[in-house]
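What the coordinates show
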Protein chains: 2
Amino acid sequence: MTVPDQRLEQMIAAMQRAGRRLTPQRLAVLRLLAQGPGHPSVEQLHAAVAAQFPSTSLATTYKTLAMLKELGQVLELAFADGGCRYDGRRPYPHPHVICTRCGAIEDPEYSSMERLYQEMTEKSGFAISHHRLDFFGLCPRCRGEG
Amino acid sequence: MTVPDQRLEQMIAAMQRAGRRLTPQRLAVLRLLAQGPGHPSVEQLHAAVAAQFPSTSLATTYKTLAMLKELGQVLELAFADGGCRYDGRRPYPHPHVICTRCGAIEDPEYSSMERLYQEMTEKSGFAISHHRLDFFGLCPRCRGEG
DNA sequence: ATCATTGCAAATACTTTGCAGCGTT
DNA sequence: AACGCTGCAAAGTATTTGCAATGAT
């Protein structure tokens with residue numbers, strides 16, 4: 001069983017636990033999030049789902065994402081321009097690197113999260129529970145293109 | 001001259017450099033950003049400006065903030081719920097700690113930014129230029145209230 | 001006096017919601 | 001069979017824009 005399939009199983013299990021129904025439209029969204037490329041937008045997801053089920057509405061895509069968010073099965077990355085991207089593979093907070101030219105989003109490994117939480121906790125006195133870390137710049141490909 | 005006054009002077013100087021006019025409405029916005037409390041929302045800024053110039057429109061507040069953003073004189077913090085908060089004191093990227101109960105935003109000192117950039121650069125290969133670091137949790141006051 | 005800025009209102013873009021009918025469980 | 005889900009369209013919400021009048025330089 002591949003890793004993406006594990007994610008799909010996890011998502012389905014979470015839905016069953018919560019008593020949510022697994023419709024074909026929803027299954028298509030789950031598959032895309034678990035197995036599809038990187039960090040899709042709502043429109044991209046909707047277009048891909050509509051390719052399989054042409055009648056699928058944008059509203060249903062939004063509703064499915066809202067449900068998955070509620071179940072903690074997808075990480076929503078809202079950006080300043082109003083757009084959102086979704087990460088179904090790693091639905092927990094983690095750092096992102098975002099290309100300011102082509103929009104690519106990557107998930108680099110990061111080893112010092114504990115240290116970071118510790119420093120923020122010490123300096124602020126907050127009980128920190130989660131985070132959002134975004135780094136912006138040019139990806140290797142776009143760097144090369146001057 | 002106090003530190004907030006320095007910020008006000010910097011903002012005004014940046015506007016003059018760019019050939020922008022300093023209207024009473026704009027001055028009121030600048031003052032609030034440079035001297036007022038923490039991280040106001042557009043509505044809060046508009047309400048405060050309207051207290052001095054009742055006819056001031058929300059559109060003008062938006063336009064003024066857009067101009068300041070363009071001049072690099074204010075940091076816009078867009079959140080997932082669609083709301084924005086503005087930081088006129090420290091208009092450059094820096095970490096924030098946000099209380100998930102009362103919405104308070106603080107700017108803790110942070111010492112390891114270079115290290116962080118270095119690790120992200122190494123792991124991703126990106127040429128990183130700026131960032132957005134948000135930590136969420138309960139502030140000391142809200143922790144106490146159970 | 002010039003022309004950027006203002007304020008109103010309409011437009012935009014995105015997301016949410018109400019509801020009748022459908023289809024999974 | 002029950003009732004959660006879908007799809008349509010309408011309603012929100014937050015921000016932007018067009019334009020005539022205003023006012024800072």
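Within every chain, residues take consecutive numbers counted from 1 along the sequence as written. Each chain is given a letter, starting from A, and each ligand a number, starting from 1, according to the order in which they appear as written. The model is predicted, so local features are restricted to residues of pLDDT at least 70 and side-chain atom pairs to those at 80 or more, both for listing and for counting; the totals for chains, interfaces and linings are taken over all residues. The side-chain figures draw on all heavy atoms in the structure; neither hydrogens nor water molecules are used.

Chain A has the name Ferric uptake regulator, Fur family in an unreviewed UniProt entry, where Desulfarculus baarsii is given as its organism. UniProt positions are given in the numbering used here, feature names are shortened, and annotations may be inferred rather than shown by experiment. As stated in UniProt under Sequence similarities (unreviewed entry), the record for chain A gives "Belongs to the Fur family."

**Section: the interface of chain A and chain B**
Any two residues whose heavy atoms approach within 4.5 Å at even a single point are treated as in contact. Listed as interface residues are 38 residues of chain A and, on the opposing side, 37 residues of chain B. Counting the surface lost from both chain A and chain B, the interface buries some 3300 Å², and carbon and sulfur atoms represent 67% of this. Contact with chain B buries surface across chain A, with Met120(A), Phe126(A) and Phe135(A) losing the most and accounting together for 22% of the total. When a carboxyl oxygen of Asp or Glu lies within 4 Å of a side-chain nitrogen of Lys or Arg, that pair is called a salt bridge. Here chain A is connected to chain B by 0 salt bridges. Where the side of chain A that touches chain B is concerned, the elements lending two or more residues are strand 1 (75-78), strand 3 (96-99), helix 5 (113-124), strand 5 (127-138) and helix 6 (140-144) of chain A. Ranked by residues supplied to the side of chain A that touches chain B, first place goes to strand 5 of chain A with 12 residues. Only when DSSP finds a minimum of two bridges between them are two strands counted as paired. In this description a helix means any DSSP run of H or I spanning at least four residues, a strand means any run of E spanning at least two, and both kinds are numbered starting from the N terminus. Pairing analysis gives 11 bridges linking strand 5 of chain A to strand 5 (residues 127-138) of chain B, with the strands arranged antiparallel. Counterpart to Ile128(A) in the pairing with strand 5 of chain B is Gly137(B). Buried area is a sum: the accessible area each of two parts loses on coming together, probed at 1.4 Å, counted once for each and added.

**Concerning the nonpolar core**
Residues grouped as a nonpolar core are buried Ala, Val, Leu, Ile, Met, Phe, Trp, Tyr and Cys residues, joined through side-chain atoms within 4.5 Å. Under the scheme applied here, a residue whose accessible area is under 20% of the maximum for its type counts as buried, over 50% as exposed, and between as partly exposed, the area being computed with a 1.4 Å probe on protein chains only. Counting 26 residues, the largest nonpolar core has Leu116(A), Phe135(A), Leu116(B) and Phe135(B) as its most contacted members. Mapped onto this core, the elements with two or more residues apiece are strand 3, helix 5 and strand 5 of chain A together with strand 3 (96-99), helix 5 (113-124) and strand 5 of chain B. Beyond its immediate chain neighbours, meaning those up to four positions away, Leu116(B) contacts Tyr110(A), Leu116(A), Phe135(A), Tyr110(B) and Leu133(B).

**Examining the relation of the copies chain A and chain B**
The pair of chain copies shares a relation made of a rotation about an axis and a shift along it. The copies were overlaid with a least-squares fit restricted to C-alpha atoms from residues scoring a pLDDT of at least 70 in each copy. By a simple turn and slide, chain A fits onto chain B: the slide is 0.0 Å along the axis, the RMSD is 0.1 Å, and the turn is 180°. The relationship between the two copies is best expressed as a two-fold rotation axis. The C-alpha atom lying nearest the rotation axis in chain A is that of Leu133(A); the distance is 2.3 Å.

**As for the pairing of strand 1 (residues 75-78) of chain B**
Residue and element names in this part refer to chain B. As judged from the 4 bridges shared by strand 1 and strand 2 (residues 84-87), these two strands associate in the antiparallel manner. Following the sheet pairing, leucine 75 is matched in strand 2 by aspartate 87. Adjacent in sequence and paired antiparallel, strand 1 and strand 2 are bridged by 5 residues, among which glycine 82 carries a positive phi angle near 95°.

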